[in-house]
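Fold and geometry: a report
Next come the chains, spelled out residue by residue.
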Amino acid sequence: MKLVTIIGARPQIIKAAALSRAIRNHYSDQIQEVIVHTGQHYDDNMSQVFFDELQIPRPDYNLHVGSASHGVQTARMTEGIEALLIKEQPDFIVLYGDTNSTLAGAVAAAKIHVPIVHIEAGLRSFNKSMPEEINRIVCDHCSTLLFTPTKAGLENLKREGFSIDEGGPSTGSGTSKPTIDNPKVYHCGDIMYDNSLHFADIVEEKTDIIQRLELKNKPFILATIHRDSNTDHPERLGAIFDALIELSKENQIVLPLHPRTAKLLKTNLCNEKQTLVFSSANIKLIPPVSFLEMIALERHAQLVMTDSGGVQKEAYFFKKPCIILRPETEWVEIVQTGNAILADADGSRIMKAWQHFKNNPPTTFPEIFGDGHAAEFMLEQMLKA
C-alpha cells in the first residue's frame, strides 16, 4: 500500500512522526510512505528541527509554498499536490488536522478521486470565522476514512450525517468498501498522545532547556500565543499581556515566541506595555522551542496558558491545568473535566481562572485520548480498506 502524507505546519510534522514511526516499526514490508512538505511553515525553528529531533524521514517532495494570503497559499498547494498525486498514484492521501495544507490536499485529492484519510476528524469549535473550522469541515466531507480522537468528534460527525456503526465506534461504519460517498468513521484515540508517551521518557536526556533557563525546581507558568485572532488585534493582544504582566508580579512566566507574535508585539502592543514586558525579570521571552523542549516545559510547568489546540491537549497529557486564550475550543473534554478554563483574551477572566487553579489544582485527569496506539490502529484500518 502506498500512502502520500501531507505536512506543512509544525503540529502536522509532529503528528506525522507517530505514523512514520509505526510504519517503520511494524509495517515496513506492507506500507510505503511518500512525504510531501508543502512549505507552509518554512522557518527552520518551526520545521526542520522537528525532522531531526523526531527522526521523521526526509520529505520526498517540498512544494516551498511559503507565506501568502489564504487563497494564494491554498491555490499553490492544491496545484502542487494534484501534480504529485497524479505522479505517485497512491492508495490514500493522509491529511492531518485543519491547516491550509489540509484543505489543499482534500480539494486536490477529491477532484481526482484519490481516497482521503483524515486524522483528527470530527473536531468542531462551532466558530466558522476561524479558517481552521472551514478547513476541517471541508476535509471531513471529502474523506473516505475518518479517524476521530474523541467521542465528541464522533458525535459531531454523526450530527452532520455520517453513518456510525451502532455496534461500536472503534469498528467504523458499515461493512462495504469505504468510498467518499460511503466513508468509514473510527474513534481511535489521539495520535499526539502516542507521541507524548513515546518521547516523555527520553525528553530529560535529550534537552537541557529546564537547566538552561534556570527553571529547575522553580514553579513557572508556560504561555503560548500565536493565533491571528489574538496577535493581529491590539485590544486582544493587549488584554492578554495585561494579565501576563499582572501575573509576573508574583510568578515566573516562560513565553516561547511564535514568529508572528514576535513581529506583532512591536506594532500591536503599546510602548508602555512593551517596556513592562521586555524589562520584566519574571517574563522570559524565548525563541520558538522544539517539540522535545516543549514537552520538557509542559512537564515542569505549574500551569499552561495557550491559544494552541495542541498545547491544550499536551497540558492535559501531562496533568497540568490550562487557561485557554480563546472563546471556544474543539477539545471540549478537557474543559468538561474541569482541567481547563476558557478565558478568551479577557484579562479579568484570565486572572479569575488563575486564582481558581491556584486554589483548586486539578487532581483527576480521565483517560479520554486513547491508549497510545492510535497510529497502529489507523494503519490496520487502512490496510483492511
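See the structure shown above.
Figured I'd write up the structure that's included with this text. (Residues numbered from 1 in each chain as written. Predicted model: local features only at pLDDT ≥ 70, side-chain atom pairs only at ≥ 80, totals over all residues. Heavy atoms only, no water.)

A closer look at the packing of helix α7 (residues 191-200) against helix α14 (residues 291-300)
As a packed pair, α7 and α14 sit with axes 11 Å apart at the nearest point and diverge in direction by 85 degrees. In this view, α7 runs roughly perpendicular relative to α14, as classed from their interaxial angle. Contacts from Met192, Asn195, Phe199 and Ala200 in α7 reach Phe291, Leu292, Ile295 and Arg299 in α14. Of the residues that constitute the contact of α7 with α14, the class distribution is 6 nonpolar, 1 polar and 1 charged. (Axes fitted to C-alpha atoms, helices over the stretch in contact; angles between N-to-C directions. Helix = DSSP H or I, 4+ residues; strand = E, 2+ residues; numbered from the N terminus. Parallel < 35°, antiparallel > 145°, perpendicular 65-115°, else oblique. Contact = heavy atoms within 4.5 Å. Nonpolar A, V, L, I, M, F, W, Y, C, P; charged D, E, K, R; others polar.)

Description of the sheet that holds strand β13 (residues 340-342)
Paired through backbone hydrogen bonds, the strands of a sheet run either parallel or antiparallel to each other. The strand order across the open sheet built from 6 strands is β10-β9-β8-β11-β12-β13, with neighbouring strands paired in parallel fashion. On the outer flanks of this sheet lie β10 (283-286) and β13, each paired with one strand and no other. On average, adjacent strands in this sheet sit at an angle of 20 degrees to one another, irrespective of strand direction. Against the sheet, helix α11 (residues 234-247) engages β8 (220-224), β9 (252-256), β10 and β11 (303-306), with an angle of about 140 degrees to β9. Relative to β8, α14 is tilted by about 135 degrees, and along the sheet it contacts β8, β9 and β10. (Pairing = 2+ DSSP bridges.)

Observations regarding helix α6 (residues 151-159)
A turn of α-helix holds 3.6 residues, and therefore any two residues three or four places apart point the same way. For α6, the full list of buried residues reads Gly153, Leu154, Asn156 and Leu157. Down the axis of α6, the buried set is contained in an arc of 160 degrees. They therefore lie on one face. In α6, those exposed residues whose orientation departs by more than 90 degrees from the buried face are Lys151 and Arg159. If you follow the buried residues of α6, they end up packed against α5 (131-140), β6 (145-148) and β7 (184-187). At the C-terminal side of α6, Gly161 shows a positive phi close to 105 degrees. (Buried < 20%, exposed > 50% of the residue type's maximum accessible area, 1.4 Å probe, protein only. Arc of directions from axis to C-beta.)

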